[in-house]
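A look at the structure
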Amino acid sequence: MDTTAGPMELSVRDALTARPAAERDPRDTATAQLALTYAQAIDTGADLAKVGPPLLAALEALRLSPRARAGGKGVTGDTPAAGQLDELRSRRARKSRTSTVDTATS
């Protein structure tokens, strides 16, 4: 059996290693291993249409994709209060926008 890592596996390993220490959490070990497993499957010829989306989901869960890093500034799943506050702000903003619209028909 060939134990040489393929390009996708190497990319995922590099991304995992490059994460800042503050973002590394031992609770993410299973997700990291899952991402590596998907990467290995891609390197060995698995159907990219089937394995690519789950790999991307694992990378996003680890905040290793550009979209995940851009979307989660300061709010994580461990802080539901922050999410609730954001939701209230969003509702208020929507309400203030709709209250200035004239809904009368002519």
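Here, every reference points to the structure presented above.
Residues numbered from 1 in each chain as written. Predicted model: local features only at pLDDT ≥ 70, side-chain atom pairs only at ≥ 80, totals over all residues. Heavy atoms only, no water.

In terms of helices and strands, the protein chain carries 5 helices and 0 strands. Residues classed as buried in the protein chain amount to 19% of the 106 residues present. Excluding contacts between residues fewer than 6 apart, the proportion of contacts in the protein chain whose partners are at least 24 apart in sequence is 49%. Summed over its atoms, the accessible surface of the protein chain is roughly 8000 Å², and 58% of this surface lies on carbon and sulfur atoms. (Helix = DSSP H or I, 4+ residues; strand = E, 2+ residues; numbered from the N terminus. Buried < 20%, exposed > 50% of the residue type's maximum accessible area, 1.4 Å probe, protein only. Contact = heavy atoms within 4.5 Å. Areas by Shrake-Rupley, 256 points an atom, 1.4 Å probe, with all protein chains shown as cover.)

Okay, the side chain of serine 65 next. Assignment of secondary structure puts serine 65 in the loop between helix H3 (48-61) and helix H4 (66-71). Residue serine 65 is classed as buried on the basis of its relative accessible area of 5%. Setting aside its immediate chain neighbours within four residues, serine 65 contacts Leu56, Leu59 and Glu60.

It is worth spelling out the side chain of glutamate 9 at this point. Turning to its location among the elements, glutamate 9 is positioned in helix H1 (residues 7-18). With residues near it in sequence (within four places) discarded, glutamate 9 still touches Leu36, Ala39, Gln40 and Asp43.

Further remarks concern the environment of threonine 31. With respect to the helices and strands, threonine 31 occurs in helix H2 (residues 29-43). The class of threonine 31 is partly exposed, set by a relative accessible area of 24%. Here the alpha-carbon distance between threonine 31 and alanine 57, two residues 26 residues apart in the chain, equals 9.8 Å.

For the structure on display, the rule yields 6 salt bridges. Its salt-bridge partner being aspartate 28, residue arginine 19 comes within 3.9 Å of it at the nearest N-O pair. Close ionic contact of arginine 91 with glutamate 87 constitutes a salt bridge, the shortest N to O distance being 3.2 Å. Of this pair, arginine 91 and glutamate 87 both sit in helix H5 (residues 80-99), 4 residues apart, which is roughly one turn of the helix. (Salt bridge = Lys/Arg side-chain N within 4 Å of Asp/Glu carboxyl O.)

One finds Val12, Leu16, Ala35, Leu55, Leu59, Leu62 and Leu64 to be the most contacted residues of the largest nonpolar core, which totals 13 residues. The set of elements that each furnish at least two residues to this core consists of H1, H2 and H3. When residues of this core are assigned to their parent elements, the largest contribution, 5 residues, is made by H2. Among residues more than four places away in sequence, those in contact with valine 12 are Ala35, Leu36, Ala39, Leu55 and Leu59. (Core = buried A, V, L, I, M, F, W, Y, C linked by side-chain atoms within 4.5 Å.)

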